[in-house]
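Structural features, examined
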Amino acid sequence: MGGTMKIYLSVDMEGVTGLTDPEEMHLGGRGYERGCELMTGDANAVVQGAFDAGAASVLVNDAHGSTKNLRIDLLDERATLVRGPGKPHRMGQGLAPDMAAACFAGYHARAGVPHGVLNHTWMGKEIHNVYLNGEICGETRLVAGFAGSMGVPVALVTGDEAVCEEAGELLGDVETVAVKKGIDKFSAELLPPAVAWRRIREATARALGRLPDFRPYVVEPPYTLGVEWNSTAIAAACSIVPGVRLAGPRHTEFTTGDYHEIMALFGIFSMIGGQVACGSGRYG
């Protein structure tokens, strides 16, 4: 595939080399700027590995929070970057059927995983669990399913040990790199960046060297997205969105034949959930 291999890279932040602190995850937090540099380092390690393996292009999507975290001035100059809010497909923005493979860097375990560093699903405290067609779903499964709906396999997942286990259970023999080993939600044993980046670069090249081994992760349509919120108020507010129904006092469900709508809905949910929760103080 040498000359035509297009690679997609979705980069989250919680699973980035060296980071363990919620402060490091958002603008104005202690260590955030350094976190953005480390995040860009993880992304560059994937980009370098991809080009080592003969990639023709790498599209990088900033998939965390504001989606304005990756440092374009530090990015490998062979890649391009999708940045900024309002992207309809969020963590999967830019994925297309002509991509040879998708890679996920800086990913983290789904909500409720004991040793998952900064574990959550899409929102920090507002969402208890997400379900896709009745099965529990983290962000790895969500975005892998989006890629799979276009026939694109996931070749690589990097992050903490817990997300690597989650990826292995979900995707089989996918290449993984654990850059940290969780002790609890906010503590971990860390690899130094130079070591982590070398491992990520090598794993990416290895993954793209054996692309025929990977199969797209396909969820059968129709797609039903279930969300278990921490608050009856958020569930009630989200259920006003056309197509979303209350399945219980704190549960919403949405069914569609188009996976793009699943990705888009999370953006709307985040806005509603964030507003309802932010104004509600100690009561959540």
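In case you missed it, the structure is sitting above this.
Here the structure is a predicted model, which is why all the values come from computation and not from measurement.

**Considering the overall build of the chain**
- Of regular secondary structure, the chain possesses six helices and twelve strands.
- The C-alpha atoms of the chain give 18 Å as radius of gyration, which agrees with the globular expectation for 284 residues (19 Å, within 12%).
- Overall, the C-alpha framework of the chain stretches about 50 × 40 × 30 Å when taken along its three principal axes.
- Counting all 284 residues of the chain, 55% fall into the buried class.
- Considering only residue pairs separated by 6 or more positions, the chain has 68% of its internal contacts joining residues 24 or more positions apart.
- Taken as a whole, the chain presents about 11800 Å² of accessible surface, with 53% of it coming from carbon and sulfur.
- The centroid of the 24 positive side-chain charges in the chain is displaced by 2 Å from the centroid of its 33 negative side-chain charges.

**Notes on the environment of F214**
- Position of F214 among the secondary structure elements: in the loop between α4 (193-208) and β10 (223-229).
- Separated by 60 residues in the primary sequence, F214 and V154 place their C-alpha atoms 7.2 Å from one another.

**Points about the pairing of strand β8 (residues 175-184)**
- Here strand β7 (residues 154-160) pairs with β8 via five bridges, running parallel. Within the sheet, the bridge partner assigned to G159 lies in β8 and is A178.
- Once you follow β7 into helix α3 (residues 161-171) and on to β8, the crossover reads as right-handed.
- Here β8 runs beside strand β9 (residues 187-190); their pairing, made up of four bridges, is antiparallel.

**Things to note about helix α1 (residues 32-52)**
- Taking 1.5 Å as the rise per residue, α1 with 21 residues should run 30 Å; its terminal C-alpha atoms sit 30 Å apart, in good agreement.
- Of all 21 residues that make up α1, 16 are buried, and the element is covered over most of its length.
- With its phi angle positive at about 100°, G54 sits one or two positions after the end of α1.

**Quick notes on α3**
- Looking only at α3, the buried set comprises A162, V163, C164, E166 and A167.
- Where the residues of α3 are buried, they touch β4 (101-107), α2 (139-149), β7 and β8.
- G172 sits one or two residues past α3 and shows a positive phi near 80°.

**Things to note about the packing of α2 against helix α6 (residues 259-278)**
- As a packed pair, α2 and α6 sit with axes 9 Å apart at the nearest point and diverge in direction by 150°. Between α2 and α6 lies a crossing of left-handed hand. Contacts between α2 and α6 involve R141, L142, V143, G145, F146 and S149 on the former and, on the latter, Y259, H260, I262, M263 and F266.
- Class assignment of the residues belonging to the contact of α2 with α6 gives a composition of seven nonpolar, three polar and one charged.

The rules behind each value
Residues numbered from 1 in each chain as written. Predicted model: local features only at pLDDT ≥ 70, side-chain atom pairs only at ≥ 80, totals over all residues. Heavy atoms only, no water. Helix = DSSP H or I, 4+ residues; strand = E, 2+ residues; numbered from the N terminus. Rg over C-alpha atoms; globule rule 2.2 N^0.38 Å. Buried < 20%, exposed > 50% of the residue type's maximum accessible area, 1.4 Å probe, protein only. Contact = heavy atoms within 4.5 Å. Areas by Shrake-Rupley, 256 points an atom, 1.4 Å probe, with all protein chains shown as cover. Lys, Arg positive; Asp, Glu negative; His and termini not counted. Charge placed at Lys NZ, Arg CZ, Asp CG, Glu CD. Pairing = 2+ DSSP bridges. Right-handed = clockwise from strand over helix to strand, strands pointing away. Expected span 1.5 Å × (residues − 1). Axes fitted to C-alpha atoms, helices over the stretch in contact; angles between N-to-C directions. Left-handed = near helix turned anticlockwise from the far one by under 90°. Nonpolar A, V, L, I, M, F, W, Y, C, P; charged D, E, K, R; others polar.

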